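Spelled out from the first residue to the last, the chains are:
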Amino acid sequence: MLALVTEPAVPHSTRVADVPEPEGDGVLLRVLEVGVCGTDREISEGLFGVPADGSSLVLGHESLAVVERDGHGFSKGDLVTVTVRRSCGHCLACEEGAPDSCLTGDYSERGITRLDGFARELVIEDPEQLIPIPAALGRLGVLAEPTSICERAIRHALTIGGRQPWQLERALVVSAGAIGTITTYLLRLAGIEVWTASLEPSSELVSASGAHYVSTTNTSLNELKTETGGFDLVISAVPDAQLMADSLGLLRRSGVACLLGIDGRPQAVSIDGPVLGLDAVLENRVLFGSVNAHRQDWLAAVASLDRAWCLVSDICRRSGTSARFELVSDTFRSSTRLGASNGCQTPPHQVR
Ligand code: BGC
């Protein structure tokens, strides 16, 4: 069968190759969609990733798949996605079912670290790692993985902010890429007033959510802070350590800033002395990072996408964040009919 294979640490080695069919216990899945994100690009450029076996790795950690045969509580034709990170097997967090908070760093991740991913025709997976996708969500189910990352960030920010009396009224999302746009939608679904800032002149998707779009080419983030009075929450999804550090200065009293981007470039970044030495202390501000997602975040992600698909169906179509993976089962094509389950007039990306 075919798969998208790479050699981690060997730039531009990614290719379509023949790989053996999967064997062993578990649920047999046929992959329908695989999303491609910055992490996949970095792996492909030789900057990230650990081989699964020998020197190679099957890419793909954002997945949508269909169950190929009944078993383990699943039925042929069920749509599912699959968690990415697996337990290290020897830390408190992993023992408690929270490998997203792994304390050793010895975890593995599908398509990223020591475990083959989903960019292949068939996968056998542990039933405990499957997340059911409602049929009405259809191909948008592939957005569950990036959405789970955003759900975790917001959940942690709320926990941190909520350690003291606090109200989340105004949020700033830095980036209008996939993670920034999905975060914007999740915050809008929660009724928060959101500003989303990015380099592009405009973002139709951001504006459609009811958020204020700010082009940083015209308005700097510092100007935005002055205009608005600062933010209770900043979620920064840009791969730029300087912009990440700047988040602390955009907060108002008791504000929380969450970093989701990755920037491993060796460099010094600067921060205004009084922002760190005065405001962060006297105003009880917090800056924290978040990675991966807990199972509860996956479930929340699917529920949010199901609520929002009238709005988010455009994310796939217009931003092309999900690369089409042409491996649709014929049986599935003829046996699945999708219907609208949440009041929308037309179903999104139908599985066919
Ligand atoms: C994935 C996460 C993963 C992280 C670090 C991200 O692109 O979405 O699931 O934990 O990369 O490997």
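Source: prediction; values computed, not measured.

### Digging into the overall build of the protein chain
- The helix and strand tally for the protein chain stands at 10 helices and 18 strands.
- For the protein chain, the proportion of contacts with a sequence separation of at least 24, taken over those separated by at least 6, is 69%.

### Here we look at helix H8 (residues 273-282)
- Burial of H8 is sparse: only 0 of the 10 residues sit out of reach of the surface.
- Trailing H8 by a residue or two, Asn284 shows a phi angle of about 50°, which is positive.

### Things to note about the pairing of strand E5 (residues 62-67)
- Counting buried positions along E5 yields 6 of 6 residues, so the element is predominantly enclosed.
- Both faces of E5 are covered, namely the face carrying Glu62, Leu64 and Val66 and the face carrying Ser63, Ala65 and Val67.
- In the sheet, strand E3 (residues 27-35) pairs with E5 via 6 bridges, with the strands oriented antiparallel. What sits directly across from Leu29, in E5, is Val67.

### Overview of the nonpolar core
- Membership of the largest hydrophobic core comes to 82 residues, with the highest contact counts inside it found for Leu29, Ala65, Ala171, Leu172, Val234, Ile235 and Leu305.
- The contacts of Val234, once residues within four sequence positions are left out, are Leu172, Val174, Ser247, Leu250, Leu251 and Ala257.

### Quick notes on the sheet that holds strand E4 (residues 57-58)
- The strand order across the open sheet formed by 3 strands is E2-E1-E4, and the pairing between neighbours is antiparallel. Each edge of the sheet is formed by a strand with only one pairing partner; in this case those strands are strand E2 (15-18) and E4.
- In terms of strand pairing, strand E1 (residues 2-6) meets E2 through 4 bridges, oriented antiparallel. Looking at the pairing, Leu4 lines up with Val16 of E2.

### Regarding unusual backbone geometry
- Non-glycine residue Ala9 carries a positive phi angle of around 80°.
- As for its placement among the helices and strands, Ala9 is situated in the loop between E1 and E2.

### Examining the site of the ligand
- Taken together, Cys37, Thr39, His61, Val84, Arg85, Glu109, Ile112, Glu145, Ile149, Val291 and Asn292 make up the full set of residues near the ligand.
- Of the residues that constitute the shell around the ligand, the class distribution is 5 nonpolar, 3 polar and 3 charged.

### Some words on the packing of helix H3 (residues 144-161) against helix H4 (residues 178-189)
- Two elements in contact, H3 and H4, have axes separated by 9 Å at closest approach and are oriented at 55°. As judged from the angle between their axes, H3 and H4 are oblique. Like other packed secondary-structure pairs, H3 and H4 cross with a definite hand, here right-handed. Between H3 and H4, the contacting residues are Pro146, Thr147, Ile149, Cys150, Glu151, Ala153 and Ile154 on the first element and Ala178, Ile179, Ile182, Thr183 and Leu186 on the second.
- When the residues that make up the contact of H3 with H4 are grouped by side-chain class, the tally is 9 nonpolar, 2 polar and 1 charged.

### Some thoughts on the sheet that holds strand E8 (residues 108-110)
- An order of E7-E8-E9 is seen for the 3 strands of this open sheet, with the pairing classed as mixed. Single-partner strands in this sheet number two, and they are strand E7 (85-86) and strand E9 (114-115).
- By the bridge criterion, 2 bridges tie E8 to E9 in an arrangement that is parallel. Across the sheet, Glu109 pairs through a bridge with Arg114, a residue of E9.

### What to know about the confidence of the model for the protein chain
- With 88% of its residues at a pLDDT of at least 70, the protein chain reaches an overall mean of 90.
- Contacts of residues 321-352 to residues separated by more than four positions or lying in other chains number 67 contacts, the stretch itself having pLDDT below 50.

### A word on the pairing of strand E10 (residues 122-125)
- Only one face of E10 is buried: it carries Val123 and Glu125, and the other face, with Leu122 and Ile124, is open.
- Pairing of E3 with E10 involves 4 bridges; the strand directions are antiparallel. Counterpart to Leu29 in the pairing with E10 is Val123.

About the criteria used
Residues numbered from 1 in each chain as written. Predicted model: local features only at pLDDT ≥ 70, side-chain atom pairs only at ≥ 80, totals over all residues. Helix = DSSP H or I, 4+ residues; strand = E, 2+ residues; numbered from the N terminus. Contact = placed C-beta atoms within 7 Å. Buried ≥ 20, exposed ≤ 12 C-beta atoms within 10 Å, placed from the backbone. Pairing = 2+ DSSP bridges. Core = buried A, V, L, I, M, F, W, Y, C linked by C-beta atoms within 7 Å. Near = placed C-beta within 6 Å. Nonpolar A, V, L, I, M, F, W, Y, C, P; charged D, E, K, R; others polar. Axes fitted to C-alpha atoms, helices over the stretch in contact; angles between N-to-C directions. Parallel < 35°, antiparallel > 145°, perpendicular 65-115°, else oblique. Left-handed = near helix turned anticlockwise from the far one by under 90°. pLDDT = per-residue confidence, 0-100.

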